[in-house]
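Structure assessment
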Amino acid sequence: MLTATRRRVLYAASAWTLYVWGTRVVLIWGGDESTGFKVVHTVLAVVSIGFAAAVFWIARASRERRSVAS
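Looking only at helices and strands, the protein has 2 helices and 0 strands in total. Since a compact globule built from 70 residues should have a radius of gyration of about 11 Å, the 16 Å found for the protein marks it as more spread out than a globular shape. Dimensions of the protein, computed from the C-alpha atoms along their principal axes, are close to 55 × 15 × 10 Å. Residues counted as buried form 16% of the 70 residues belonging to the protein. Put simply, 68% of the contacts in the protein that link residues at least 6 apart link residues at least 24 apart.

In structure tokens:
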């Protein structure tokens, strides 16, 4: 089981990943980079955001499981 502090760290890491990759994709697509560069980095962003969503979901599920067990 995750403690409240560990869940907060996971939430913060998820939010930070979303912020970083969200702003990065906007900057990449607004720049003068090649199409290949844009596509590769957009795919990296999607995968990273997917992992962040999974981490967020795990932290949230841990919280809900703990409240049911109490």
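Our next topic: the side chain of S14. Tracing the backbone through its elements, the reader meets S14 in helix α1 (residues 4-30). Polar side-chain contacts of S14 include one of 3.0 Å to the backbone oxygen of A52. Contacts of S14, omitting those with residues within four sequence positions, involve A52, V55 and F56.

Okay, the packing of aromatic side chains next. The tally for this structure, following the rule as stated, stands at 2 aromatic pairs. With a centroid separation of 4.9 Å and 45° between ring planes, the pair formed by Y11 and F56 is classed as tilted. A residue pair is termed long-range when its members are at least 10 positions apart, and Y11 in helix α1 and F56 in helix α2 (residues 35-69) qualify at 45 residues. On the basis of relative accessible area, F56 is assigned to the partly exposed category, the value being 34%. Relative to Y19, the ring of W16 has its centre 5.6 Å away and its plane inclined at 40°; by these criteria the two rings are tilted. In this pair, W16 and Y19 both sit in helix α1, 3 residues apart, roughly one turn of the helix.

To continue, consider a nonpolar patch on the surface. Judged by side-chain polarity, W29, V39, V43, V47 and F51 come together as a nonpolar surface patch covering roughly 490 Å² of accessible area. Residue contributions to the nonpolar patch peak at 4 residues, all from α2. Within the secondary structure layout, V43 lies in helix α2.

Turning our eyes to something else, we now look at the side chain of H41. Looking at the secondary structure, you find H41 in helix α2. For H41, the side chain forms a polar contact with the main-chain oxygen of F37, separated by 2.9 Å. In this view, H41 contacts W21, R24 and I28; residues no more than four positions away in its chain are not counted.

Parameters and conventions
Residues numbered from 1 in each chain as written. Predicted model: local features only at pLDDT ≥ 70, side-chain atom pairs only at ≥ 80, totals over all residues. Heavy atoms only, no water. Helix = DSSP H or I, 4+ residues; strand = E, 2+ residues; numbered from the N terminus. Rg over C-alpha atoms; globule rule 2.2 N^0.38 Å. Buried < 20%, exposed > 50% of the residue type's maximum accessible area, 1.4 Å probe, protein only. Contact = heavy atoms within 4.5 Å. Polar contact = N/O pair within 3.5 Å; in protein donor to acceptor, adjacent residues only side chain to side chain. Phe/Tyr/Trp six-rings, centres within 6.5 Å; stacked < 30°, edge-to-face > 60°. Patch = residues over 30% accessible without salt bridge, like charges linked within 9 Å, V, L, I, M, F, W, Y side chains within 5 Å. Areas by Shrake-Rupley, 256 points an atom, 1.4 Å probe, with all protein chains shown as cover. Salt bridge = Lys/Arg side-chain N within 4 Å of Asp/Glu carboxyl O.

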